[in-house]
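# Remarks on the overall topology
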Amino acid sequence: MDYTFYGSAVETIDKLTVNEGIQYTATFGECYNLKNIVLGGTIGNNIDFQWSTKLTKVSITSIINALSATASGKTLTLSEAAVISAFGNLDDEWTTVMSGKDNWTICLV
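Computed from a prediction, not measured in an experiment: that's the story for all the values here. (Residues numbered from 1 in each chain as written. Predicted model: local features only at pLDDT ≥ 70, side-chain atom pairs only at ≥ 80, totals over all residues. Heavy atoms only, no water.)

### Observations concerning the overall build of the chain
Within the chain, the regular secondary structure consists of three helices and five strands. For 109 residues, the compact-globule estimate of 2.2 N^0.38 gives 13 Å, and the chain sits close to it at 13 Å. Based on the C-alpha atoms only, the size of the chain along its principal axes is roughly 35 × 30 × 25 Å. Every one of the 109 residues in the chain was classed for burial, and the buried ones make up 40%. Sequence separation of 24 or more characterises 54% of the internal contacts of the chain that already satisfy a separation of 6 or more. Carbon and sulfur atoms form 48% of the exposed surface of the chain, whose accessible area is close to 5400 Å². Charged side chains of the chain number 6 positive and 11 negative; the gap between the two group centres comes to 5 Å. (Helix = DSSP H or I, 4+ residues; strand = E, 2+ residues; numbered from the N terminus. Rg over C-alpha atoms; globule rule 2.2 N^0.38 Å. Buried < 20%, exposed > 50% of the residue type's maximum accessible area, 1.4 Å probe, protein only. Contact = heavy atoms within 4.5 Å. Areas by Shrake-Rupley, 256 points an atom, 1.4 Å probe, with all protein chains shown as cover. Lys, Arg positive; Asp, Glu negative; His and termini not counted. Charge placed at Lys NZ, Arg CZ, Asp CG, Glu CD.)

As structure tokens, this is what we get:
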């Protein structure tokens, strides 16, 4: 998946099925227009959506739900602007979405 969507103007990815072994080197780098993504399968490696500042709540939830329950030492990077826009003050609803993902480091940039 190296550079698959890098710099793309894509706004919607209807369904992207992944598996735990895939590496995500700049897969979504500079995807400034990405709003909607539905993931199937399991993310087992570091993945970065920091440039996707327009991601919806449904998209962010889909990404988080796809995170492996067994991977360790891995990081999901999200746009802080997208997360705040989707989840507001990051309290109860954000905590609920994040529950069970303690094995991941979630970075908001």
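Now, onward.
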